[in-house]
Structure formats: C-alpha cells, structure tokens
Amino acid sequence: MSVGKKDISCPPEAPGTPLKDADITEKKVTYVEDHPDMRYAWTAGQAISRFLNELKEGRLIATKCNKCRRILFPPRMFCELCYKPIDDWVYVKDTGTVQTFSISYIDPDARPLEEPIIVAVIAVDGASKNMAFMHVLGEVEPKDVYIGMKVKAVWKPEEEREGSVTDIKYWKPMEK
Amino acid sequence: MRVAVVGVGYSGFNANTPDLSWKEITLEAATRAYDDAGINPRKDVDSIVTCAEDIWEGFAIFDEFVPDQLGGVLKPTCTVCADFLFGIATAYMQIKSELADIAVVEAHSKASDILTFGETIKFAMDPIWLREIGSAHPYYFAALEMSQYVNECCITEEQIAEVVVKNKNNALKNSSAPYGSKITVEDVLNSPMVFDPMRKLEIAPRADGAIVFVLANEDVARDITDTPVWVKGVGWWSETSNYDTMSFNAAYTYKAAKMAYKLAGITNPAKEIDIAEVDDRFAFKEFQHIEALQLSKRFETGTLMQEGYFAKDGELPVNVSGGSLGIGNLLEATGGQKALEIVLQLRRLAGRRQVEAETGVAQAWRYIPTASGAVTVFGV
Amino acid sequence: MEVERISGLKFHKKQDVAIVGAGMTTFKRRLNETGKELSYLAIKQALEEADMDLSDIEMVVMGSAPDTFDGLHMKGEYLLDGSGGSDRPYMRVFVGGGTGVFAPIAGYWHVASGLADVCLVVCEEKMSSSHPHPQSAFKYIWDPILDRPLNPNLIWIFALEMNRYMHVHNIKHEDIALVSVKNKANALDHPCAQLAEKITVEDVLNSEPMALPVRRLDVSPPSDGAAALIMVAPHIARQVTDNPVWVTGVGWALDTTMWTNRDLYFPRYVAEAAKMAYRMAHITDPRKEIDVAEPYDPFDYKELHHMEGLGLAKKGEAPILTREGVTARDGDLPCSPSGGLLGVGNPIAATMGVKAGELYWQLAYRAGKRQVAKEVTTGVCQAWGDLMQVGTVMVMSNKR
C-alpha cells in the first residue's frame, strides 16, 4: 500500500482490442443486430401548438414577458429568467438577420451530401435581441452568405403547409 | 447538519395529458413546490437534480430540456438516470457536502407520449441474452419473478388480489389517483390471466405526472418553514444486471433499507415505521418490498395482508395513497409519488386519507428488467 | 422567502476528497470489447494503481452519455456488473458530453458528504454500436418539433458556434487549427491515443469540409473506451499513498434549452461553473494560480472557447496564447497536455480519462513523457455538453 512511491508512468498500458471496419463487414467478429421499433407522440404543449398553427397561416408568433420586457421567440408559456407565466402573444416578422451560419456537407447520418445545405441561426425581426431559431437558407451561393445578412422567409404554398417548421421552405437574402 | 423537505409540489396524476407537454406539467409541479417552500427559484436554489431516463422521454440527451421549466437556467443542474428517490439521495449528499443549502429534486412521467411501451422496456434488456427471446410483452419478466417468489413464500392468489383491492380502494380517497375503483377480491380473480400467474388487474397501468421536492439544510429549513419533514435516511442499492442471477426477493430493497435505517438510527423498522409507501407496479411486488423493508416477517405477510394489517386503518398502513395500482406507473417518478404521500401524511395534509404517523418510509424499484432500488426514511 | 439569507456555498463539508488511482482503456473507433468489459479494464487499472481491491469499494458512480449509442434503454443498469456496481449503491449521472467531468463531481459528493469513504467513478462509452454512424444517435438530441424536421446533424451546432466565435473576435481559422496541431502532437506520447499524428495548419485547412467552417481535422473522432477514478476520504488516502491529489473545487452549470436564444460567442455555462469551483478552491486569479489545464476540446475552437470561459484567457485572447506557445506542454499554461479529445479520442463520457484522469496524473507527477515542463500544484479540468449548454469544472491540487 504505497502507491506514491511507485515510479510509474500512467496509464501504464492501453487495454482493449481495436477492430477495423472490415472486421465487421467481412463478419470476422461476432455481433448481434437489432432494429428497435420505438415510437413516440410528443405533446407539443400550449405555446408550441399555437406556434405551429400560426405557421399554417404563414405567420410567426412570439410571447412577451412584461417583467424583463423580452419578446420570446420561439414562444413559450413562461419566462425562464423571471420564472413567471408570459403576459401576451405578439406576432413577429418573417424577416430576420443571420446570427451565424454553416455550410454543411454531411447529412444526419454523417454521409456526404452532393449539394451542401446552408444552415443558419436567424434572429427574427420584432423579437428581442438574440431571439433566434435555426433554419436553412436558399437562393444564395455559400460564398455570398455573411453574418449580419438580412433574410426573408420563403413559405410553402398555403395548401401544402402542415403546421411544422418546414412550412417555411427556407430563408432568402433580402437584398438583390 | 440534518436535511429537510421544505416544499413539495406535483401535477397530475392522469391517465394521459394531451393538452400539456412534459415541460408544462413539470412547470406546474415546480411552481407549486416553490410556492410551498416560499422561495424564489431564480435566487434561492443552489442545485437542481432531475431524475430521467432518455428512452422513457424519447430523446438522446434529455438533460438538455431540463433547466428552463425548473428555474435552473445557468444554475448547477444535472440528471441522475434513476428513480426520484435516487435524486433525493443525490440532493441529500449535495447538502451534506455543503455544495448546496437548497436543492431541488424533480421527476416526471409522460408515459402517454410513448407509443411502443413494450418495445421500450425490451430495449433495456441485454441485446444478446434476453432481447431476442420470445415475442411476448416484457411484462412476462415480472411474471417469472412472481412465479418463483409466491411459491417460495407461499403467497396465495387471494392474498395477491387483496393488494389490488386495498390499493384501488385507497385510491378512491385520493383525488389525484386516476385508477381508483371499488373492486373486490372476486373481481381481481376474475380478471384475465395475462401472464400466468399474473392477472391483468395486478399490473399498474401507466400515468402522467410530475413531482418536485425542495430540500434544505437544517438552518435554512428552520428559517423558512414551521413544518419541516426530515430526510432521516437515504439508501440505494443494485444487485446485478443479469436477470438470471437476481435474488427474486428484492434484496436490492433489503440492502437499501439497511443503509437508510442505519442513517436514520432505526433498529426495529416493524415497530418504528408508522407508514410505508412501497413500489406496487406489480401487485406481488408489494409483498416483496414490505418484507425487504423488514416491516413484516417472511411467510406472515400474506396473512397480515388479509387481516387488514396494511390497510388504511391497520397497524402499519401501506400505500394509503392508492399506490401505483391506484395512481398508475409513473416510470422514474414512481418514487416521487411514494415520497410525496409520506411527506403529505407527516405534514397532516393528506385529507380524507390521513393516518397517524411520525416516521414513514418510501421505497421504489427501477422496474423491469432491473434489480435496483432506493429507500428514503422521512420523519417529523 | 421571508428571512434574508446569504445565498451560496459554505463548504463546511464532512470530509476532504482525494484521488488515489486512475485507469483507462485505449480509445479507438471500434473496440471488440463490450461496454461492460471496457469498464472492467479501466477499473482494473485504477485499482492496481491505488493498490486496492474491488471489495474496498463502497459506492460506485457511473457516467455514460446517450443510451442510443449502445442501443440500450437504462444503459446504467446494463453496465452495472462491468462497472463494479453489483451489490453496492450504484448511481448513474448524466449531463450529456459534460459527464466526463461531472461523474467525478458526483464522486466528490459521495465522499464529501460522508456517505462513502471509497468511491469508484467509472465512465464508459461504446459509440460504435450505433449504425450507420454514431452521428445517427445524435439525431435524437434535438427538439422533436422545432429542430428535428430540418434533419440536423450534430456538427451543425458546433459550426454555428465556431463561426460566431470567429466572427465576434475576428479570429482566423489558421489560429484555431493550431489547437488541433498541438493536441494531436501531444497525443503521440499517450499510449491510448486514436489520432496522434504530426500535422500542420495547412493539413487542417485543407481537410475535407464537414459543415464549414468545421473541417475533418477540426473535429475529434468518435471512439469506444472507458476510464475510471478512485476517490477516497483523507484517512483512506493516508493509508494508500504518500502523494494523493485533492479535489479542491467543483462546479457545474446548465444554460437554457433555447440555444438559439444565446449569443454563442462565449460559454457562459463554463464561466458560471468555473466561478463556483474557483470560489470553493479559493482561486481569485485563475490565469496565475492554475498551473496546468485540461479544457474540453472535442473541436479545436472549443479549447479556446473554454479557456476563455475558465478565465484562463480574456475573451478573444485564447488564440493569441496558443500562437505564442503558452499552452504548449513546455509553456507557461499547458493546455490539454494529454493530447485531449482531438488526439486521444472522444468516447464522450469516457473522456474523463484524458481530462480528470490526466489532471490527476499530471499533479501526481505520473504522466511520464506527457509530464509538463513546469512545476505544478494546482490544475483545472473541464467538460462540456448537451446543446452547447453545460459546463462541468473540477479543480485539483497536490497540496491540501
């Protein structure tokens, strides 16, 4: 019981047996496959339900807290900073500013995409500072996007809207 | 330095909650708890512990969605992947370590959001040993355990039915219990044998709800409330992860209770405990857990159950709230419902189901396919 | 509340907490061992260093990130026996990617509260079980209503944060790439390293684009691995070792779920967590008082971001310190001397081995070839996780 006196360099060894991808594809190792079927139906709740229904109408809605005077977007039923119920519903504009963006060459499973997606955090006009949400940009070349760019929502035709954030097809630059 | 419960709040319990999201039911429970404790969560709370499992929620990292509705933005907030009573133990340790003066524990169930409940439980099983065996609903695991346990302990069908009758009738006195009903032993024995030897009415149906507790150290508790309920002891224990090496007599609860009783200074639980809330998500589990908590002796529990020893007006009331059979399976919030009932009883706020009690014990199990559980002893 | 109370931490804990042993497996993209076996290997090594036996362990804390990686619900219960948790109090804690430093924080309160005198902390991650790619599991971390319909990839949020950070401080990608170059080179001395190599800034800038500005070499790899730590009370530490390393401060903080409502250029959550930990450790000027740091570096810009959150650099100053060599292993403030996640690998929670574990080894003077040049007394390690949301910080010292 005198570890402190041991003159060792840690970790002393690196246990584990690395495998190559080929070991799996060529079935050199034994494995068990499972394809679980787990499904959920999340209740959207009061705030987001209203938000989704307004999207069908082609409008963006936010909520307002009279204590910190913030206009909260995406809307919520309570102000998380003041910890009190919200006071009002307010419409915000379908225009905004790019806070930050990325040009993505990979899909959700990390497979390469032929055409990159431009994803951005967009602060909507009419809401408080930094009240933004994530969406994609269109009608713009990746090299032309910049932080601070003004953008406007391009909506799906009314009959195709289903109460989802994808009712906005994408956001396009306002100047041109 | 002792630890006290200084505020409780809950929302529910309902068979389903189509109008409110999990965030909104949690918000409701938290708001009530903070009001009960008379504190402002944004100023006074030092730590928040949430008890959740990702797959019950349908998320990969559920911890992300926790802080806002609890007032925990930019505060020490964390998740323990376990039942509410493990959360109580965590908050207890944080307060004892002086990391927090006031710590909050939350758990909720939005079981109605899960469309494939059986698949979800199956997903908890060892993928190589167990998951592929048979296509039955995984409740059969509980039936296997029941089969061994009731034979070993000579517990009869009528005695098990008695648990269902007691709890569902108790639930009639609890306005928050959605599954109360006036049934008889005969009704239970006539219910379909779904997983022989287990009948349909012996299985707790699912429910939605949220529970929030505010815990504080002794100094703060004395300052802010006249009715502190002391957390006298906490215990938690895991047996094994392999189904085939589990004891099938709730050794996890026996060991957890030993730890909690030791902290609480309880040497003769059957005498010193006035009221108990135990996990009864399968009716036979109530027997197992009563025995493991040392509230009665093996081979005697069945008879005592029939004699009304564990009834509301019995010697040692168990599951006066209606238990999980009357309130529903609240997933990781199950222990929360148990602890809530004990706290309400000790604070004499239990209304029509009030019993005389000064020391109570709450116990929860982590559900199939685990052999882990936690115990908390409360006292005034 | 009617009675005014001075809010905050008093730190009259029951007992001090020391670390006396650590262990870790190799970190690789795919390991043949199961999660249970990996945990076992890491624990075995930690027990050997502390010259202890599993029967000496009173309680176990397990840290592991999403269940969806391993394809198991209640993963903690499944990992129970491999983690040494059988027939003991066993608790799994979880704050997403921040778990690597949060699990030892939970170990801290198990011991500091007096409930345990010897607590084993084990972190495991087996990301390779998820197909077609560990990224597939990350699909389920997003808000199902607001984010998931857009088919997001996890890299997006980092790219968005990195871009914002670069924009606000006017930082060039070249300066950020230096972190990747440094950490991957540091990892050459780590026996467990997955991506140790000598690369140049040009290599990073010319690597395959993932989600620009993030390129392949800006990112740490997904890995399998496990790590373990043994945390004990002072009277045990005295028996086991002559030079234990003490945990002098812990802190953690979780920011709002609404990540699009925050200005991403600064990690407030790390700053809050660090404030708590420094206050507890009586550190007032971290830049001067911290000798060695292991900030969380799943991406190269993240090390810089976190140095600023930890108060080791002023806002926007971290790239300059890096360029000047201050954060090199022989610099004045060595950062990620282990090789970090960029070099050794990123098995989410198991990165405890290169954060808390490495800091322990550095302060115990047992890091071998990785030992930093300067004399060390106090160090800080940090992890981060969820939706760019949680900061977990631990301060250690080899003086009590």
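That block above? That's the structure.
Just so you know, these numbers come straight off a predicted model, no measurement behind them. (Residues numbered from 1 in each chain as written. Chains lettered and ligands numbered in written order. Predicted model: local features only at pLDDT ≥ 70, side-chain atom pairs only at ≥ 80, totals over all residues.)

(A) Summary view of the overall build of chain C. Scanning chain C from N- to C-terminus turns up 15 helices and 11 strands. Relative to its length of 400 residues, chain C is compact, with a C-alpha radius of gyration of 20 Å against a globular reference of 21 Å. Across its three principal axes, chain C shows a C-alpha extent of roughly 55 × 55 × 45 Å. Within chain C, the proportion of its 400 residues that are buried is 71%. Sequence-distant contacts in chain C: of pairs separated by 6 or more residues, those separated by 24 or more amount to 78%. (Helix = DSSP H or I, 4+ residues; strand = E, 2+ residues; numbered from the N terminus. Rg over C-alpha atoms; globule rule 2.2 N^0.38 Å. Buried ≥ 20, exposed ≤ 12 C-beta atoms within 10 Å, placed from the backbone. Contact = placed C-beta atoms within 7 Å.)

(B) Summary view of helix 7 (residues 173-186) of chain C. Residue and element names in this part refer to chain C. The end-to-end C-alpha distance of helix 7 is 20 Å, a good match for the 20 Å that 14 residues give at a rise of 1.5 Å each. With 10 of its 14 residues buried, helix 7 lies for the most part within the structure. Here the buried face of helix 7 lies against helix 8 (201-206), helix 12 (300-309), helix 13 (318-323) and helix 14 (340-344). (Expected span 1.5 Å × (residues − 1).)

(C) Highlighting unusual backbone geometry. Put simply, Phe73 of chain A and Pro74 of chain A share a cis peptide bond, and its omega is -5°. By the secondary structure assignment, Pro74 of chain A is in the loop between strand 2 (71-72) and strand 3 (78-79). A cis geometry characterises the amide bond from Leu212 of chain C onward to Pro213 of chain C, with omega recorded as 10°. Looking at the element boundaries, Pro213 of chain C is found in the loop between strand 5 (209-212) and strand 6 (214-215).

(D) Main features of the interface of chain C and chain B. Contacts between the two partners involve 59 residues from chain C, matched on the other side by 53 residues from chain B. Residue assignment for the side of chain C that touches chain B shows that the elements contributing at least two residues are helix 2 (67-70), helix 3 (75-79), strand 3 (90-94), helix 4 (99-112), helix 5 (134-138), strand 8 (245-254) and helix 10 (268-280) of chain C. In terms of residue count, the dominant contributor to the side of chain C that touches chain B is strand 3 of chain C (five residues). A class-by-class count of the residues in the side of chain C that touches chain B yields 29 nonpolar, 15 polar and 15 charged. As judged from the two bridges shared by strand 3 (residues 77-80) of chain B and strand 3 of chain C, these two strands associate in the antiparallel manner. (Nonpolar A, V, L, I, M, F, W, Y, C, P; charged D, E, K, R; others polar. Pairing = 2+ DSSP bridges.)

(E) Expanded view of the sheet that holds strand 2 of chain A. All names here are of chain A. Strand order across the open sheet formed by three strands is 2-1-5, with antiparallel pairing between neighbours. The sheet is open, and its two edges are formed by strand 2 and strand 5 (88-92), each paired on a single side. Note: strand 1 (residues 60-64) against strand 5, five bridges, orientation antiparallel. Across the sheet, the residue bridging to Lys64 is Asp88, located in strand 5.

(F) Main features of the pairing of strand 10 (residues 359-365) of chain B. Residue and element names in this part refer to chain B. For strand 10, a buried count of seven out of seven residues is recorded, marking the element as mostly surrounded by other parts of the structure. In strand 10, alternate side chains face the same way, and those of Thr359, Val361, Gln363 and Trp365 on one face and Gly360, Ala362 and Ala364 on the other are all buried. Across seven bridges, strand 10 lies against strand 11 (residues 372-379) in antiparallel orientation. Bridging across to strand 11, Gly360 finds its partner in Phe378. Taking the residues that link successive antiparallel strands as the turn, the strand 10-strand 11 hairpin has six residues, and the phi of Tyr367 there is positive, at about 75°.

(G) Spatial organisation of the nonpolar core. Within the largest apolar cluster, 345 residues are counted, with the highest numbers of intra-cluster contacts made by Ile88, Phe213, Val214 and Leu215 of chain B together with Ile230, Ala277 and Met394 of chain C. Broken down by element, this core gets its largest block of residues, 10 residues, from helix 6 (residues 154-169) of chain C. Leave out the neighbours within four places in its chain, and Leu215 of chain B touches Val3, Ala4, Val5, Val6, Ala91, Ile95, Ala103, Val105 and Val231 of chain B. (Core = buried A, V, L, I, M, F, W, Y, C linked by C-beta atoms within 7 Å.)

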